[in-house]
Amino acid sequence: MVQNVSTFVKRLKISKLLSQPDMKATTDLYEVIYLSTLAPDVSVSVVADITRKAREGNAARNISGLLIFDGLRFCEQVEGAKKDIVALIDRVRHDPRHIKFEILHHGALNNRRFSNFSMGYAEVEDPDVLSQLALLRGQEALDALTALLPTLDLYA
Ligand SMILES: Cc1cc2nc3c(=O)[nH]c(=O)nc-3n(C[C@H](O)[C@H](O)[C@H](O)COP(=O)(O)O)c2cc1C
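Residues numbered from 1 in each chain as written. Predicted model: local features only at pLDDT ≥ 70, side-chain atom pairs only at ≥ 80, totals over all residues.

Enquirer: I would appreciate a short explanation of the overall build of the protein chain in the present structure.
Expert: The helix and strand inventory of the protein chain stands at five helices and five strands. Across the protein chain, helices and strands are ordered from the amino to the carboxyl terminus as α-β-α-β-β-α-β-β-α-α. Counting the 156 residues in the protein chain, one finds 24% classified as buried. (Helix = DSSP H or I, 4+ residues; strand = E, 2+ residues; numbered from the N terminus. Buried ≥ 20, exposed ≤ 12 C-beta atoms within 10 Å, placed from the backbone.)

Rendered as structure tokens:
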């Protein structure tokens, strides 16, 4: 009987845990896609540091996304609660490690595109890929990024 009660209590705790809202189920999902260029005086070696810290910061804020780097340009997509994304973009925009920060697309999102990644990372070798993307805005930029995804080797 004692065992049964403790099993019951354990089950209650587990079911309470399970019924807590999914960490990833953000109601007002918002995304931003931007492009930028590594600052001239900054070494490529900072990219590892950026990705490591970005992963930690994004995981803490329930933000997911993808960073693409071609050796010179960055393209990042970030998604999460609107207030968190706006605050993140405000920090990233002023980061001196990159310049020519330009938003290609921003808007509401129904489902996360990268729910498995607090920040996925991919490198592209062809410099034309991101320089072509730089010319696009809004839905066209979104479509070009979506078309690019299957060609990338993504690292979580
Ligand atoms: C190209 C690039 C992408 C970045 N992406 C992120 C990101 O996704 N998440 C993040 O927390 N910081 C990112 N950062 C780092 C931020 O600019 C900033 O250093 C970091 O959020 C820490 O800010 P704080 O020192 O004000 O807390 C990125 C920086 C660069 C240059």
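Once the structure has been displayed, the description carries forward.
Enquirer: I tried to follow unusual backbone geometry on my own but got confused; where do I start?
Expert: The bulk of non-glycine residues show a negative phi, and the bulk of peptide bonds are trans. The residue N62 is not glycine, and still its phi comes out positive at about 60 degrees. Within the secondary structure, N62 sits in the loop between α2 (46-60) and β2 (64-69). Despite not being glycine, K100 shows a phi value in the positive range, around 50 degrees. In this structure, K100 sits in strand β4 (residues 98-108). Note on K100: 12 C-beta atoms within 10 Å, which makes it exposed.

Enquirer: When you look at the site of the ligand in this model, what are you seeing that I'm missing?
Expert: Near the ligand you find 18 residues, and of these A54, G57, F74, V92 and D95 are the closest. When residues of the shell around the ligand are traced back to their parent elements, those giving at least two are α2, β2, β3 (73-81) and α3 (82-93). Counted by class, the shell around the ligand contains eight nonpolar, five polar and five charged residues. (Near = placed C-beta within 6 Å. Nonpolar A, V, L, I, M, F, W, Y, C, P; charged D, E, K, R; others polar.)

Enquirer: Whenever I open this one, the pairing of β3 confuses me. Can you help?
Expert: Put simply, side chains in a regular strand alternate between the two faces of the sheet. Across the nine residues that make up β3, a large majority, eight, are buried. The pairing of strand β1 (residues 29-38) with β3 spans nine bridges and is classified as antiparallel. Following the sheet pairing, Y34 is matched in β3 by E76. Relative to β3, β2 runs antiparallel, the two sharing six bridges. Opposite L67, over in β3, you have E76 as the bridge partner. Two successive antiparallel strands, β2 and β3, enclose a turn made up of three residues, where G71 displays a positive phi of approximately 100 degrees. (Pairing = 2+ DSSP bridges.)

Enquirer: What am I meant to see in the nonpolar core here?
Expert: Buried together is how nonpolar side chains tend to be arranged in soluble globular proteins. Ranked by internal contacts, the top residues of the largest apolar core, which has 21 residues, are I33, L35, L67 and C75. At the level of secondary structure, the elements contributing two or more residues to this core comprise β1, α2, β2, β3, α3 and α4 (127-133). Setting aside residues no more than four positions away along its own chain, C75 makes contact with I33, L35, I68, L130 and L133. (Core = buried A, V, L, I, M, F, W, Y, C linked by C-beta atoms within 7 Å. Contact = placed C-beta atoms within 7 Å.)

Enquirer: Would you take a moment to explain the sheet that holds β1 for this structure?
Expert: Where strands meet in a sheet, backbone hydrogen bonds hold them as pairs that are either parallel or antiparallel. Strand order in this open sheet of five strands is β4-β1-β3-β2-β5, and the pairing throughout is mixed. What marks the edges here is a single partner per strand, and that holds for β4 and β5 (120-123). Sheet twist, expressed as the average angle between the axes of neighbouring strands with direction ignored, equals 15 degrees. Sheet strands in contact with α3 are β1, β3 and β4, and its direction is about 155 degrees off that of β3. (Axes fitted to C-alpha atoms, helices over the stretch in contact; angles between N-to-C directions.)

Enquirer: What's the story with the confidence of the model for the protein chain in this structure? I'm lost.
Expert: Low-confidence regions, as indicated by low pLDDT, have predicted coordinates that should not be scrutinised in detail. For the protein chain, per-residue confidence averages 87 on the pLDDT scale, and residues scoring 70 or more make up 83% of the total. Predicted confidence is poor over residues 1-23, with pLDDT under 50, and the contacts of this stretch with residues over four places away or in other chains come to one contact. (pLDDT = per-residue confidence, 0-100.)

Enquirer: In this structure, what is going on with the environment of E123? I would like to understand it.
Expert: Inspection of the secondary structure puts E123 in strand β5. Taking the number of C-beta atoms within 10 Å as the measure of exposure, E123 has 13 and is therefore partly exposed. For the pair E123 and D153, spaced 30 residues apart in the sequence, the C-alpha separation amounts to 7.5 Å. Aside from chain neighbours lying at most four places away, what touches E123 is F69 and D70.

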